[in-house]
Amino acid sequence: MAIKQPAAVLLAALALGIPGVAAAGPAPLVRTAQGLAAGTASRGVEAWLGLPYAQGPVGALRWQEPRPAPAWQGVRDASRFGPSCYQAQAGAWGPYTAEFLAPPPFSEDCLTANVWKPAGPAHGLPVLVFIHGGGFSGGGATVPVYDGAALAARQAVVVTIQYRVGVFGFLAHPALRGPGQSGASGNYGLEDQIAALRWIKANIARFGGDPANVTIAGESAGAESVVALIVSPRAKGLFAKAMALSGASMAVDVPSLAQGDAEGQALGARLQAADAAALRAVAAADLVEATKVVPGGSGPPRLVYVPHVDGAFLPHDPVRAAMPVASPVPLLTGFNGAEMIDPSIRTPAAFEAAVRGRYGNFADRLLALYPHADAAQAQQSNLLIARDRYMTGLLLWARARAQAGQRVYAYLYDHAYPPAPGGASFGAFHSSQLPYLFGTLGQGGRQFTARDAAVSRQWQDHVLAFLRSGNPAGRGAPWPAMAADGSGAVMWLGDKPGLAPAVSTPARQAAFAAYAAAGGNLGLM
């Protein structure tokens, strides 16, 4: 792809000794390894959108490892986002209005990155690479609240990336590893992320970033991706720090390759596509329709197309924190105060039924610790029992990583996101911290106040301190890493910042620790 530019713009770019960035008229130019790209400049920030970091995985390249991006001639128009990776379009639901959702268009030709930097000459800036969430089945770097301009304006380079999701990113099938096929094993979405990190390492200095100071960050499925990249030998050397926001101990089921193959073969049978050629011939829309998750019952739906433990890219489940990691880099991780809370539980009977259904033989011990004599108590305990569960899981996970020598900084975020017009408040719900981190408040018709602006500044201060030094405390109050003996409080962010216990009472923490020791799942899901 190329666009026509005035001859003076091209001559100015060539005279400036590219590689490097030069603001030539209204369109800043950068020469990447693939060619010259023209971005945009506004309010002290320059941006290049939709830059390909790998070849589009279409046709015969579907379910192949990503290939290097091809070069282009002329000047590429980098003023618009590329399409999000192919998925079913999500509609607004619960607290999630349009600013949290990936808009169309969708395409299999989607492996692009977006880069924001402060305007003007820059060198050696810290780099934040954000990996979007979406349950490994959706989402994209085009989500409005992921705009990197406001954070980049504070002297950082911000990059957001697209990666294959759903069946396109995580289908495992023996036919895809047959003669003449790629050696990949159902972790194509993670392979895309590594391809993006390699492209960033090769190109980010051209945008003023420091390739030796790259921090990977992700939320939800993006956080699971971050901990997978920390474990993966293939990602070693590609980043210096990591942030897993909601969070490092989610405990999403990570299937074995054999389990993934069984799911893939069952899908092939439904589609009457037994070999690689037949699978690749299925239309993208038909693949999405055949793998659509139909909600049912209580709790979140089971995720099928997710990373696999294949023994190569992913040697073990990242939730097993005591296992070796390839990149024991400083890690900032935590959860929000109201993640994945079921709002339908509003009565004592509903609360008791939910606890018995989830915790089995441990239900009586937990019910004795969480008052639920009336509706108000039941609703408060419904929030606290979920928060205490995943925060206990985080503490246990962080302790194991600390014993292995990794520095882990833990947080709990408690500021409620304003409700949508006419809607209910969902508190500090899953992903509600992201508009504060990126500085993208003011969307969705919600009523933001000076307090929201202060919380956004707080988030950015900690994140920028972490990007620069590997310690999120910055010049503020101390924020010690978690101790190997399990001691130490977490940092509360939001309305009551400071070090404080992560779990509401020691007795409740002990109960959940015992539940985990007996094999119980303390993850978010």
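Every chain begins its residue count from 1, and numbering advances along the sequence as written. Two thresholds apply to this predicted model, a pLDDT of at least 70 for residue-level local features and 80 or more for giving and counting side-chain atom pairs, whereas whole-chain, interface and lining totals are computed over all residues. Heavy atoms throughout the structure, all of them, feed into the side-chain values; hydrogens and water do not.

Draft legend 1. Molecular detail of the overall build of the protein chain. Looking only at helices and strands, one finds 14 helices and 17 strands in the protein chain. Here the radius of gyration uses the C-alpha set of atoms, whereas the globule reference equals 2.2 Å times the residue count to the power 0.38. Taking 24 Å as the expected radius of gyration for a compact globule of 525 residues, we find that the protein chain reaches 23 Å, a close match to that expectation. Its C-alpha atoms give the protein chain principal-axis dimensions of about 75 × 60 × 50 Å. Think of it in three bands: residues with accessible area under 20% of the maximum for their type are buried, residues over 50% are exposed, and the middle band is partly exposed, with areas taken using a 1.4 Å probe on protein chains only. For the protein chain, the proportion of its 525 residues judged to be buried stands at 55%. Note on contacts: a residue pair qualifies if any of its non-hydrogen atoms lie within 4.5 Å across the two residues. Long-range contacts, defined as pairs at least 24 residues apart, comprise 76% of the intrachain contacts of the protein chain with a sequence gap of at least 6. For the protein chain, the exposed surface amounts to about 20,100 Å²; the carbon and sulfur share of it is 57%. Across the protein chain, 38 positive and 31 negative side-chain charges occur, with their mean positions spaced 6 Å apart. Runs of H or I in DSSP of at least four residues are treated as helices and runs of E of at least two as strands, each being numbered from the N terminus. All accessible-area figures derive from a Shrake-Rupley calculation using a 1.4 Å probe, and residue coverage is judged against the displayed protein chains alone. Asp and Glu are treated as the negative residues and Lys and Arg as the positive ones, with His and the ends of the chain left uncounted. For charged residues, the charge sits on one atom: NZ in Lys, CZ in Arg, CG in Asp, CD in Glu.

Draft legend 2. Focus on the side chain of Ser-84. Among the secondary structure elements, Ser-84 is positioned in strand 7 (residues 84-85). Under the relative-accessibility criterion, Ser-84 is labelled buried at 0%.

Draft legend 3. Up close: helix 4 (residues 188-203). Here the expected span of a helix is defined as 1.5 Å times the quantity of residues minus one. Taking 1.5 Å per residue as the helical rise, helix 4 with its 16 residues ought to reach 22 Å, and the 22 Å between its terminal C-alpha atoms agrees with that figure. Most of helix 4 sits out of view: 13 of its 16 residues are buried.

Draft legend 4. Quick peek at the environment of Ala-90. Take Ala-90: it is sitting in the loop between strand 7 and strand 8 (106-107). Taking the C-alpha atoms as reference, Ala-90 lies 6.9 Å from Leu-101; in sequence the two are 11 residues apart.

Draft legend 5. Molecular detail of the side chain of Thr-440. Assignment of secondary structure puts Thr-440 in the loop between helix 12 (434-438) and helix 13 (450-469). Of note is the side chain of Thr-440, whose polar atom sits 2.9 Å from the backbone oxygen of Val-145. What Thr-440 contacts, discounting residues up to four positions off in sequence, is Pro-144, Val-145, Asp-147, Leu-434 and Pro-435. Each polar contact in these results corresponds to two N or O atoms within 3.5 Å; when the atoms are within protein, one needs to be able to donate a hydrogen and the other to accept it, and residues that are neighboring in sequence are counted only if both atoms are side-chain atoms.

Draft legend 6. Inspection of the nonpolar core at higher detail. As used in this record, nonpolar core signifies buried Ala, Val, Leu, Ile, Met, Phe, Trp, Tyr and Cys residues forming a set joined through side-chain atoms within 4.5 Å. In this structure, Tyr-53, Val-159, Ile-200, Leu-229, Phe-239, Met-391 and Val-490 are the most contacted members of the largest nonpolar core, which totals 91 residues. Those residues in contact with Leu-229 that sit more than four places away from it in its chain are Ile-131, Gln-193, Ile-194, Leu-197, Ile-216, Ala-235, Phe-239, Phe-313 and Ser-327. Counting 42 residues, the second largest nonpolar core, distinct from the first, contains Leu-49, Phe-130, Val-145 and Trp-479.

Draft legend 7. Here's a closer look at the state of the cysteines. Pairs of cysteine sulfur atoms within 2.5 Å are identified as disulfides in what follows. If you walk through the whole model with that rule in mind, you get one disulfide. Disulfide pairing places Cys-85 opposite Cys-110 at an S-S distance of 2.0 Å. Here the S-S torsion is close to 90°, and the disulfide linking Cys-85 with Cys-110 is therefore right-handed. With Cys-85 in strand 7 and Cys-110 in the loop between strand 8 and strand 9 (112-118), this residue pair connects regions lying 25 residues apart in the sequence. One exposure class covers both Cys-85 and Cys-110, and it is buried.

Draft legend 8. Quick look at the packing of helix 4 against helix 5 (residues 221-231). Between N-to-C directions, angles span 0 to 180 degrees; the directions come from axes that are lines fitted to C-alpha atoms, helices contributing only their stretch in contact. At a closest axis distance of 11 Å, the pairing of helix 4 and helix 5 adopts a crossing angle of 75°. The pairing of helix 4 with helix 5 is recorded here as roughly perpendicular in orientation. The segment helix 4 lies against helix 5, with Leu-190, Gln-193, Ile-194 and Leu-197 engaging Ser-225, Ala-228 and Leu-229. Class assignment for the residues of the contact of helix 4 with helix 5 results in five nonpolar, two polar and no charged. Our angle categories are set so that under 35 degrees counts as roughly parallel, over 145 as roughly antiparallel, 65 to 115 as roughly perpendicular, and the remainder as oblique. Note that Gly is not counted as nonpolar here; it falls among the polar residues with everything else outside the nonpolar set of Ala, Val, Leu, Ile, Met, Phe, Trp, Tyr, Cys and Pro and the charged set of Asp, Glu, Lys and Arg.

Draft legend 9. Representation of the pairing of strand 11 (residues 157-161) in the model. Summarising burial for strand 11: five of the five residues are buried, a large majority. Burial of the side chains of strand 11 extends over both faces: Val-157, Val-159 and Ile-161 are buried on one face and Val-158 and Thr-160 on the other. Across four bridges, the pairing between strand 9 and strand 11 is antiparallel. Note that in strand 11 the partner of Val-115 across the bridge is Val-159. When DSSP locates at least two bridges between a pair of strands, those strands are taken to pair. Bridge count for strand 10 (residues 125-131) against strand 11 is five bridges, and the pairing is parallel.

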